[in-house]
Amino acid sequence: MSSALTDLFPHPIVQAPMAGGVSVPRLAAAVSDAGGLGFLAAGYKTADGMYQEIKQLRGLTGRPFGVNLFLPQPEYADPAAVEVYAHQLAGEATWYDTELGDRDSGRDDGYDAKLAVLLDNPVPVASFHFGIPSSDALESLRRAGTFTLVTATTPEEALAVQYAGADAVIAQGVEAGGHQGTHRDLPEQDGSGLGLLSLVAQIRETVTIPIVAAGGIMRGSQIAAVLAAGASAAQLGTAFLATHESGAHDVHKQALTNPLYVRTELTRAFSGRPARGLVNRFLREHGPYAPAAYPEVHHLTAPLRKAAAKAKDAQGMALWAGQGHRMAREVPAGQLVEILAAELDAARTALSGKGDLR
């Protein structure tokens, strides 16, 4: 266990950075104040928008927090495949009375500008998704006093994270909601991801840096399991999506426990990259035909998703959720941290042989 990481927050509980307006400052502040590590999601925001949220969060809490950035994506999408998918989505645009988005709206998510902000105004923790920052960038952040984490979905990716110089790796199991943080988007590997416990154990035997486990975790007993497998902390997304402070749309929150949505599935339908969400009409109809084209498909479907949310039509929204979504609890975020910490303590007591194993 790395004290450099765990000394930042009393409970080994990290609130996942969920892009798209979910991980708002009030959510991160509530988690950090309760003894976890709150996170802002800079994905899809401008550099100034990220900076303003950091300022707002600093006004809400004096506790450590993190900021997550998306790595720029290489150009390998087939323009013809994107065009075919755009034609398929024309009916959706007509239905929601909107236009499809501009597929060429940018590939780098303003990464360089956001990194510059984090170097000029250092935050306690920074994490990265969809690839690995340069060794120079990681070293610059370290000199600025920022602890760095990078997502990995395989032991090989975790080894590359360590080699680049990150302080810790986020082991993301296939159970996780939202986008898989694979370093390369290979369609032939769709659906072949490792389950979290197996992934953590394999990464623990591959690297020496601390591990934060992510994927389907909804209870303190599951946190105990990943800690026993070799992780230093657990990262939870869907569990915090349903909390009072979450910025998720009410329709999205309600869908997590709605009997209508019985399962999740990895899909490219909304963004062109594998992401786990509740199976709805849009996912069923378009998932099988969506090309490997991120962020082109993300830009293309953005107006559709926005229009569906405005109409409160869950069947057209990207309802990101992990496999444990039915276990979501609609409580204040700080209370959820306390509940999870108590469940973790109870699980540890039971595992030590001092309590009831039921």
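The structure we're discussing is the one just above.
It should be emphasised that the depicted structure is a prediction, and the values quoted were computed from it without experimental measurement.

**So, the overall build of the chain**
No. 1: When its secondary structure is counted, the chain shows 15 helices and 11 strands.
No. 2: For 358 residues, the compact-globule formula gives about 21 Å, and the C-alpha radius of gyration of the chain, at 19 Å, lands near that figure.
No. 3: By its C-alpha atoms, the chain is 60 × 45 × 40 Å across when sized along the principal axes.
No. 4: The buried share among the 358 residues of the chain stands at 57%.

**A short note on the sheet that holds strand β7 (residues 178-179)**
No. 1: A sheet is described by the order of its strands in space; here 3 strands give the open sequence β7-β11-β10, paired in antiparallel fashion. Because the sheet does not close on itself, it has two edges, and the strands there are β7 and β10 (264-267).
No. 2: Where β7 and strand β11 (residues 275-278) come together, 2 bridges link them in antiparallel fashion. Considered in β11, the bridge of H179 is made with A275.

**Focus: the environment of R219**
No. 1: Its place among the elements puts R219 in the loop between β8 (211-214) and α10 (220-229).
No. 2: With relative accessibility at 22%, the residue R219 sits in the partly exposed group.
No. 3: Apart from residues no more than four positions distant in its own chain, R219 is found in contact with M327, R329, L340 and E343.
No. 4: A polar contact of 2.8 Å, which involves the side chain of R219, links it to the backbone oxygen of M327.

What counts as what
Residues numbered from 1 in each chain as written. Predicted model: local features only at pLDDT ≥ 70, side-chain atom pairs only at ≥ 80, totals over all residues. Heavy atoms only, no water. Helix = DSSP H or I, 4+ residues; strand = E, 2+ residues; numbered from the N terminus. Rg over C-alpha atoms; globule rule 2.2 N^0.38 Å. Buried < 20%, exposed > 50% of the residue type's maximum accessible area, 1.4 Å probe, protein only. Pairing = 2+ DSSP bridges. Contact = heavy atoms within 4.5 Å. Polar contact = N/O pair within 3.5 Å; in protein donor to acceptor, adjacent residues only side chain to side chain.

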